[in-house]
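Coordinates in review
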Amino acid sequence: MDRIRIVGGAKLEGRIPISGAKNAALPLMIASLLTPYTLTLDNLPRLADVVLLKRILGNHGVEVTVAGKRASQDEFEGDSVRLTAGEIVDTTAPYDLVSRMRASFWVIGPLLARMGEAKVSLPGGCAIGTRPVDFFLDALKALGATIDIEAGYVLSKAPSGGLKGGRITFPKVSVGATHVALMAASLAKGETVIENAAREPEIVDLADCLIKMGAKIEGAGSSTIHIQGVPSLSGARHSVLPDRIETGTYAMAVAMTGGDITLEGARRDLLGSAFDVLEEAGVTVEVTNDGVRVGRNGAGLRPMNVTTEPFPGFPTDLQAQLMALACRAEGSSKITETIFENRFMHVQELARFGAKIHIDGRTATIEGVDTLKGAPVMATDLRASVSLVIAGLVAEGETIVNRVYHLDRGFERLEAKLSRCGATIERLTG
Ligand code: UD1
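The paragraphs below set out a description of the structure included in this document.

1. Quick look at the site of the ligand
Around the ligand lies a shell of 19 residues, among which D134, S174, V175, D317 and I339 are the nearest. Take D134: an N or O atom from its side chain is 2.6 Å from a nitrogen atom of the ligand. One of the side-chain N or O atoms of K172 is found 3.0 Å from an oxygen atom in the ligand. Out of a free accessible area of 740 Å², the ligand has 91% covered by protein chains. For the shell around the ligand, the secondary structure elements donating two or more residues are helix 5 (134-142) and helix 6 (175-186). Taken together, the residues of the shell around the ligand sort by class into nine nonpolar, four polar and six charged.

Structural data, given as structure tokens:
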């Protein structure tokens, strides 16, 4: 099993290209199920989750072809991928595939809308909480579907004339349920209104792509989305937006080590309040022609008081990284997690570096320390694992991060991107 070895202490200087967003790539790929025509996605990141989703979509009959590399293509430039669901050959998404990635559950929306039925295993994914699917099922019921749960599978059926537009009011903001409602409602008859919709940039990216495919959607990016269903959708070409979580992660890495990094292709507007938090802590952030430049020179970090919230609030997917950073602040910081109930698993691993963190319910209090010391640590989930890398970059001596397959789900060649900016970091294979 691969591990990552880091020797801490080097400042980060240079340029890091930001890949296409995993959390946009996945729903965009799933949208290919809505049409028999080809959906071409550019800037697709090379990630384990993308590879797994290609297999899952292939199981339903989607033909996936990756364009050959152009001679001029930068090694970090994303792939161009053609997805064609000419015929859906299977409306069942089996346990052995869905249990490995929660987002694959989302195929239920397009399969049900296009084929009138779908049988999808209840999902798995990162162990960061119970993560139920009740909002998804209520949304599909609001569009006229009948739902049964049998032997770990959700059996869904549309009424005889197909899904019908309806009013969907989410009790709590859910990114995945909003994606599914958008896709299903695009092919439903009549108007659908989604209330308390997620406002994340990835929702807007999916809606933009669906609109290119012929969907009639208004209000994506706000809490209320209106969709006029259309009988069919066409193919389209769409470029995946840059990964805001990767952007924030590398911004925190340079905040941790000191130095000066340009995050190529990054967009500040996608980060919501996250860059504000870094600026308040003493990090400089500058929007440039080709991305966002982040630096910290000399000065210590001020302590932080942050609560995770749906977009545009501080993202839960950057909470673990911020906690690593808070370990080096001059004073006591507080981080409150409100999205997932079990998302502090990195705390015990950060403690191996000498971090002083106390958890009380949903709030962690972090006492800044002068030095962190390298240690063997274990990745527990995708975002937690990268917080250990950030700690390792500044820790004295050697850090070994075990179970890096978590990292490979969401960070494209992290060790290559960091080492070319001066970090001592390498992958140990086998
Ligand atoms: C997505 C992101 C994930 C991010 C999360 C929150 C992808 C592939 N994943 O996950 O990286 O951390 O948004 O920004 O885009 N909930 C229910 N019932 C449901 C659905 C959700 O109670 O049917 C709850 C969840 O347990 C959680 C909250 O709603 O407490 C938000 O979850 P949600 O936004 O749905 O997360 P995901 O879409 O799974």
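What follows picks up the thread again.
2. Structural notes on the pairing of strand 9 (residues 153-157)
The pairing of strand 7 (residues 117-121) with strand 9 spans five bridges and is classified as antiparallel. Counterpart to E117 in the pairing with strand 9 is K157. Sheet analysis places strand 8 (residues 146-150) next to strand 9, joined by five bridges and oriented antiparallel. Bridging from a neighbouring strand, T146 pairs with K157 of strand 9. Linkage of strand 8 to strand 9, two consecutive antiparallel strands, is achieved through a turn of two residues, within which A151 is found at a positive phi near 50 degrees.

3. Some details on the nonpolar core
Counting 150 residues, the largest nonpolar core has F105, L210, L322, L372, L414 and L418 as the members making the most contacts within it. Among residues more than four places away in sequence, those in contact with L418 are L12, I16, Y250, V389, L393, A423 and I425.

Cut-offs used in this document
Residues numbered from 1 in each chain as written. Predicted model: local features only at pLDDT ≥ 70, side-chain atom pairs only at ≥ 80, totals over all residues. Heavy atoms only, no water. Near = heavy atom within 4 Å. Polar contact = N/O pair within 3.5 Å; in protein donor to acceptor, adjacent residues only side chain to side chain. Areas by Shrake-Rupley, 256 points an atom, 1.4 Å probe, with all protein chains shown as cover. Helix = DSSP H or I, 4+ residues; strand = E, 2+ residues; numbered from the N terminus. Nonpolar A, V, L, I, M, F, W, Y, C, P; charged D, E, K, R; others polar. Pairing = 2+ DSSP bridges. Core = buried A, V, L, I, M, F, W, Y, C linked by side-chain atoms within 4.5 Å. Buried < 20%, exposed > 50% of the residue type's maximum accessible area, 1.4 Å probe, protein only. Contact = heavy atoms within 4.5 Å.

The values reported here are purely geometric and, on their own, carry no functional implication.
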